[in-house]
Amino acid sequence: MLDSPDPSDEHNNDSTAAGPSQVDDAQYGSEVSETPMRLAPKSPREAIQPERVPEPPPRSRHARNPVVVFLNFMLTFAVLCAMGVGGLLYWGKVTFDSAGPLREETAVVVSPGSGLETISNLLARNDVIEQSWVFMGGVQLYKNASKLKAGEYLFPAGISMNGVMNMLVEGKAIQHAITIPEGWTSAQIVARIKEDPVLMGELDEVPAEGALLPETYAFTRGTTRKEMIERMRVAQEKALADIWERRSEGLPVKTPEELVTLASIVEKETGKADERPRVAGVFVNRLNKNWRLESDPTILYGLYGGDAWTRARTIRVSEKEAPNRYNTYQIRGLPPGPIANPGRKAMEAVANPSRTNDMFFVADGTGGHLFAETLQQHNRNVTRWRDVERTRRKAAAEAKKASEEAEAAEAAAAAAAEYDDLAGDAPSKTENGMIAPAAKPAAGAN
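Residues numbered from 1 in each chain as written. Predicted model: local features only at pLDDT ≥ 70, side-chain atom pairs only at ≥ 80, totals over all residues. Heavy atoms only, no water.

1. Some words on the nonpolar core
Nonpolar side chains in soluble globular proteins tend to be buried together.
Next up, step 1: One finds Ile178, Ile193, Met228, Met232, Leu259, Phe283 and Met347 to be the most contacted residues of the largest nonpolar core, which totals 52 residues.
Next up, step 2: Counting only elements with at least two residues in this core, the list comes to α8 (186-195), β4 (216-220), α9 (225-245), α10 (256-269), α11 (276-288), α12 (296-304) and α14 (344-351).
Next up, step 3: Per element, the largest residue contribution to this core is 8 residues, and it comes from α9.
Next up, step 4: Listed in part, the 24 residues of the second largest apolar core include Phe96, Val134, Val164 and Ala173. (Core = buried A, V, L, I, M, F, W, Y, C linked by side-chain atoms within 4.5 Å. Buried < 20%, exposed > 50% of the residue type's maximum accessible area, 1.4 Å probe, protein only. Helix = DSSP H or I, 4+ residues; strand = E, 2+ residues; numbered from the N terminus.)

Here's what the structure looks like:
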C-alpha cells in the first residue's frame, strides 16, 4: 500500500535533490568558517623528505638596468686589476730585493750621458741583473732615474737590483789614482796625464809653471784630462791661499806668486822634507840682505825650461856665467817665475822658514846638506863635499873596472867551455892521422 508522502520527507527530498555537493559545500563552508582546517599527519617517510623551496621573489626592474650592469662590471674589473697590480708589485719588490744572477765580481763601465734604459740593457748584457724591465720599474718607483751616475763599477757576485741602484746613485765607482811628484814642471805633469790609460780626452796646452799642486789624485773612469788639470789648479789655489794666510811676518816675498817661485827653488834644492824650512831660511836671509840666491836649478830651468829635470847633467862654469833670465848667479832677487810646481810642504817651508843665521849650504853626499853662517865655514864644507865626490868617482871607476873584468872572465870561461864541448864531440885520430871509428857501446849499456 502506498504511503502518502510526509512533508518532512519532501523536505529531505528537496535536500537530496539539491545534490550532495551543495550540501557538503554548505556544511564544510560552515565548518571552515568556524574551525581551522587540520593538516593530515605525515608519514615518517614524508616527514624526512625536503620541503619545496619557495620561489625567489621577482627580480627588480632596477637590477636589469644597463647602467647598473655596466657599473657592476667596471667595479669587478677594477677590483681584479687592483689585485693583479698589487700582486705584480709584490713580486717585483721581492725580485728587486733578491740576490741577482751575477756569479763573480764583474766590472761594468757606464758611459756619461747614458739613460735608464741604456744602463738597464748594459747591466742585463753583463748578467748583473736578469729582468731589465723590473730594474727600470724599481728605479722609477724610487725616483732615482735621473740620479744614476756614470763611471766604472765593480759589482760583487749576487748583488741585488736594489744594491745595483744604490751603487749607481751614490757613485761608488772604481777609484783610480794618479800621482804627481813634487817639483815636476807643468810639461812633465801634462806628459804623465797624457800617458794615463784611464783618463779621457785631449790636452791642448801646458798650464803655467807653478799653477798645479803635485799630489795623488783619485778619479773614476770617464774623467777627462782637462778635468784632472782643473782639479790640480783648484787644489793649488786653495792650498796657496791657506798657506799665505798663515805666513810669518817680515818675509821678503810680497805676493803669493813670489812665494810659489821661491818654494819651487827650495823644492829643487832638497828632497828631504825636514831640510826644507832650513833651506828656505837660507834663501830668505839672502833676499833680506840683497844677496844673489845662487841656486843651480835656476840655471838649468833657464836653459831647458820644462825639460830641465828630464836630463841629468853637470852645470858648467860657463853656464853659470852666461846671461840667463832665471840664472840666480847673475840676477838679484827672485827669477821671473817658478821653475817647477812646488808641493805643499815646500810652500809651507817658505811661509814659515827656519830662523837661523845660515847663509850657505852645500850637499853632504848623503842626500842632505851642510849649512854654514860664514863663507869660511862654507868653504870647508865645499872641500869636504869635493872629497866625497872624488871618493865616489874613484869607487865608481873601480866598480866599473871590476865589472868589466868579471864580464871578461865570464866570456873567457864560456868560450873555453864551448871549445871543450866541440873537442869532445869531434872524432879522434889515430897515430897515422886517420880518423878512428867511434867505439861501440858495451853489451847491455844503455
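There's more to say after this.
2. A short note on a negative patch on the surface
Next up, step 1: On the surface, Glu404, Glu405, Glu407 and Glu410 cluster together into a negatively charged patch.
Next up, step 2: The class for Glu410 is exposed, based on a relative accessible area of 57%. (Patch = residues over 30% accessible without salt bridge, like charges linked within 9 Å, V, L, I, M, F, W, Y side chains within 5 Å. Areas by Shrake-Rupley, 256 points an atom, 1.4 Å probe, with all protein chains shown as cover. Salt bridge = Lys/Arg side-chain N within 4 Å of Asp/Glu carboxyl O. Lys, Arg positive; Asp, Glu negative; His and termini not counted. Charge placed at Lys NZ, Arg CZ, Asp CG, Glu CD.)

3. Thoughts on the packing of α9 against α10
The packing of two helices is summarised by the inter-axis angle and the distance between the axes.
Next up, step 1: It is at 10 Å that the axes of α9 and α10 come closest, and there the two elements cross at 100 degrees. By the angle between their directions, the pair α9 and α10 is classed as roughly perpendicular. Residue-level contacts link Gln236, Leu240 and Trp244 of α9 to Pro256, Leu259 and Val260 of α10.
Next up, step 2: Grouping the constituent residues of the contact of α9 with α10 by class yields 5 nonpolar, 1 polar and no charged. (Axes fitted to C-alpha atoms, helices over the stretch in contact; angles between N-to-C directions. Parallel < 35°, antiparallel > 145°, perpendicular 65-115°, else oblique. Contact = heavy atoms within 4.5 Å. Nonpolar A, V, L, I, M, F, W, Y, C, P; charged D, E, K, R; others polar.)

4. A look at the layout of surface pockets
Next up, step 1: Approximately 1200 Å³ is the volume found for the largest pocket.
Next up, step 2: Every residue lining the largest pocket is counted, 42 residues in all, and those nearest its centre are Asp296, Lys320, Tyr329, Val362 and Trp385.
Next up, step 3: Listing elements by their share of the lining of the largest pocket, those giving two or more residues are α10, α11, α12, α13 (317-321), β5 (360-363) and α15 (375-425).
Next up, step 4: Looking at the lining of the largest pocket, the element that brings in the most residues is α15, giving 9 residues.
Next up, step 5: Counted by class, the lining of the largest pocket contains 18 nonpolar, 11 polar and 13 charged residues.
Next up, step 6: Taken as a whole, the second largest pocket holds about 280 Å³ of empty space.
Next up, step 7: If you trace the second largest pocket, you find it lined by Leu88, Leu89, Trp91, Gly92, Lys93, Phe96, Trp133, Val134, Gly137, Gly138, Leu141 and Tyr142.
Next up, step 8: When residues of the lining of the second largest pocket are traced back to their parent elements, those giving at least two are α4 (66-97) and α6 (132-141).
Next up, step 9: Among the elements that make up the lining of the second largest pocket, the one with the highest residue count is α4 (6 residues). (1 Å grid on protein atoms, 1.4 Å probe; cavity = no way out; pocket = protein on both sides within 12 Å on 5 of 7 lines; lining within 4 Å. Points joined across faces, edges and corners; volume = space filled by probe spheres on them.)

5. Overview of the pattern of salt bridges
Next up, step 1: Evaluation of the coordinates by the stated rule reveals 13 salt bridges.
Next up, step 2: Asp204 is the partner of Lys226 in a salt bridge, and the nearest nitrogen-oxygen pair spans 3.7 Å. Of the two residues, Lys226 is situated in helix α9 and Asp204 in the loop between α8 and β4; the sequence distance between them amounts to 22 residues.
Next up, step 3: Residue classification places Asp204 among the exposed positions, given a relative accessible area of 68%.
Next up, step 4: Taking the shortest distance from any N to any O, the salt bridge between Glu230 and Arg233 comes out at 3.4 Å. A residue pair is termed a helical-turn pair when its members lie 3 or 4 positions apart in one helix, as Glu230 and Arg233 do in helix α9 at 3 residues.
Next up, step 5: A relative accessible area of 39% means that Glu230 is categorised as partly exposed.
Next up, step 6: Residue Arg233 is classed as partly exposed on the basis of its relative accessible area of 27%.
Next up, step 7: The network of salt bridges with common partners includes Glu182, Glu267 and Arg276.

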